[in-house]
Amino acid sequence: MIAEEDLGKEKTEDEKFEARRRMLLDGLEAMGVRKKVLEAMLRVPRHRFVREDMKKVAYIDTPLDIGLDQTISAPHMVAIMCDLLELSEGQKVLEVGAGSGYNAAVMAEMVGKTGHVYTLERLETLVNYAREKLKKTGYENVTVLHEDGSAGCLKYAPYDRISVTCAAPEVPNPLIEQLKPGGIMVIPVGDYFQELILIKKDERGRVTKKTEGGVLFVPLIGKYGFRHR
Ligand code: SAM
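First, a word on scope: everything that follows refers to the structure included in this document. Sequence order sets the numbering: in each chain, residues are counted from 1 along the sequence as written. Where local features are concerned, this predicted model is filtered to residues with pLDDT of at least 70; where side-chain atom pairs are given and counted, the filter is 80 or more; whole-chain, interface and lining totals use all residues. For side-chain calculations, the full set of non-hydrogen atoms in the structure is used, while hydrogens and water are omitted.

Secondary structure follows DSSP: runs of H or I at least 4 residues long count as helices, runs of E at least 2 residues long count as strands, and numbering of each begins at the N terminus. Along the backbone of the protein chain there are six helices and nine strands. For a compact globule the rule gives 2.2 Å times the number of residues to the power 0.38, and the radius of gyration it is set against comes from C-alpha atoms. Taking 229 residues into account, the globule formula puts the C-alpha radius of gyration at 17 Å, and the protein chain, at 17 Å, falls close to it. Counting only C-alpha atoms, the protein chain reaches 50 × 35 × 35 Å along its principal axes. Scored against the burial criterion, the 229 residues of the protein chain give a buried share of 54%. Contact definition: two residues touch when any of their heavy atoms are within 4.5 Å. The long-range fraction of contacts in the protein chain, counting pairs at least 24 apart against all pairs at least 6 apart in sequence, stands at 58%. Neither His nor the chain ends is counted toward charge; the positive residues are Lys and Arg and the negative residues Asp and Glu. Charged groups are reduced to one reference atom each: NZ for lysine, CZ for arginine, CG for aspartic acid, CD for glutamic acid. If the 34 positive side-chain charges of the protein chain are averaged to one point and the 35 negative ones to another, these points end up 2 Å apart. Only protein chains enter the accessibility calculation, which uses a 1.4 Å probe; a residue whose area is less than 20% of its type maximum is buried, one above 50% is exposed, and one in between is partly exposed.

Following this line, the structure appears as structure tokens:
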């Protein structure tokens, strides 16, 4: 979704980057990422979410610095998390850690216009960064909120899906409580050694947890996260 006023101006640059994006996605396809996730990632211009001086490397499969010691996650990590979440049209999603806004945009593509993504960010500079990038790329089904996301966001709860993009010391209880029956959450847990945890809540409210392998994320800082760094 590219904002209309930017269509003419950015066309050439967007076209140039689209070829690089397709190459990156070919690699992710070979890793077994589902088609629905790949299609969403194809529609999101990652080069418009990275810092201006990093556009050239926007389609290398690596996390990139977005300032304040924070990063935009590597594309393969975005793909893995979106895949595990089984996102579909019409869902209400909570993201903890808006960062650049890129992951929220990919999820917004997957839940479509009838769905919505609420994304929480603790650093005001990044709240403004993500809002600007999402506005310029035309994502109206994403709301960026300036909040300590370690406690989730009661105002819009419960959520069909929760994606936490920073590592927690343990799974915060408020996030489990704010997940709908039938809901899915992904969250990195740990300090120096981190694992991605897949959490499912069944229709009767029973919660199961499964480990999906080692990961490396910046810390979740807040009431139910790490207190300071
Ligand atoms: N999803 C992001 C993207 O697509 O660019 C990448 C997120 S970055 C790896 C993690 C983010 O989590 C950082 O922007 C950091 O400031 C934020 N964060 C850390 N603790 C938080 C908290 N308690 N509430 C909200 N955001 C938090």
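Text resumes after the structure shown.
Our focus in this paragraph is helix H3 (residues 75–85). The element H3 is extensively covered by neighbouring structure, given that nine of its 11 residues are classed as buried. Within the sequence span of H3, burial applies to Pro 75, Met 77, Val 78, Ala 79, Met 81, Cys 82, Asp 83, Leu 84 and Leu 85. Backbone geometry just downstream of H3 places Glu 86 in the positive-phi region, at approximately 50°.

As a further point, take the site of the ligand. Residues are counted as near a molecule or strand when any one of their heavy atoms sits within 4 Å of it. For the ligand, the set of nearby residues contains 27 residues, the closest of which are Ser 100, Glu 121, Asp 148, Gly 149 and Ile 221. Between the ligand and Asn 103 there is a distance of 2.9 Å, counted from an oxygen atom to a backbone nitrogen or oxygen. What qualifies as a polar contact is a pair of N or O atoms within 3.5 Å, subject to a donor-acceptor requirement within protein and to the restriction that residues adjacent in sequence count only when both atoms come from side chains. A distance of 2.6 Å separates a nitrogen atom of the ligand from a polar atom in the backbone of Ile 221. Here the ligand, which alone exposes 600 Å², has 99% of that area covered by the protein. Residue assignment for the shell around the ligand shows that the elements contributing at least two residues are strand E2 (70–72), helix H4 (102–111) and strand E4 (116–121). Residue composition of the shell around the ligand, grouped by class: 11 nonpolar, 11 polar and five charged. Note on areas: Shrake-Rupley with a 1.4 Å probe; residue coverage comes only from the protein chains shown. The classification used treats Ala, Val, Leu, Ile, Met, Phe, Trp, Tyr, Cys and Pro as nonpolar, Asp, Glu, Lys and Arg as charged, and all other residues, Gly among them, as polar.

Here we come to the sheet that holds strand E6 (residues 159–164). Only when DSSP finds a minimum of two bridges between them are two strands counted as paired. Spatially, seven strands are ordered E5-E4-E3-E6-E7-E8-E9 in an open sheet, and the strand pairing comes out mixed. Here the strands that pair on one side only, and so sit at the sheet edges, are strand E5 (142–146) and strand E9 (207–215). Adjacent strand axes in the sheet meet at a mean angle of 15°, parallel and antiparallel pairs treated alike. Pairing analysis gives seven bridges linking strand E7 (residues 179–190) to strand E8 (residues 194–201), with the strands arranged antiparallel. Each residue of the ladder has a partner; that of Met 185, found in E8, is Ile 199. Sheet strands touched by H4: strand E3 (92–96), E4, E5 and E6. Its angle to E4, the strand with the most contacts, is close to 165°. With respect to the sheet, helix H5 (residues 124–136) is in contact with E4 and E5, its orientation differing from that of E5 by roughly 165°. Every axis in this analysis is a line fitted to C-alpha atoms, fitted for helices over the stretch in contact. Angles between the N-to-C directions lie between 0 and 180 degrees.

Relative to E5, E4 runs parallel, the two being bridged by five bridges. Considered in E5, the bridge of Thr 119 is made with Val 144. Look down the strands so they point away from you; if going from the first strand over the helix to the second traces a clockwise path, that crossover is right-handed. For the crossover that starts at E4, traverses H5 and ends in the parallel E5, the hand is right-handed.

As a further point, take H4. Here H4 lies mainly inside the structure; 10 of its 10 residues are buried. Backbone geometry just after H4 places Gly 112 at a positive phi near 70°.

Before going further, it helps to spend a moment on the side chain of Asp 160. As for its position among the elements, Asp 160 is in strand E6. For Asp 160, a relative accessible area of 17% gives the class buried. A polar contact is formed between the side chain of Asp 160 and the backbone nitrogen of Lys 92, at a distance of 2.7 Å. Contact partners of Asp 160, with chain neighbours within four places excluded, come to Gln 91, Lys 92, Leu 179, Lys 180, Gly 183 and Ile 184.

One can find Thr 119 in strand E4. Apart from residues no more than four positions distant in its own chain, Thr 119 is found in contact with Glu 95, Gly 97, Ala 98, Ala 104, Val 142, Thr 143, Val 144 and Leu 145.

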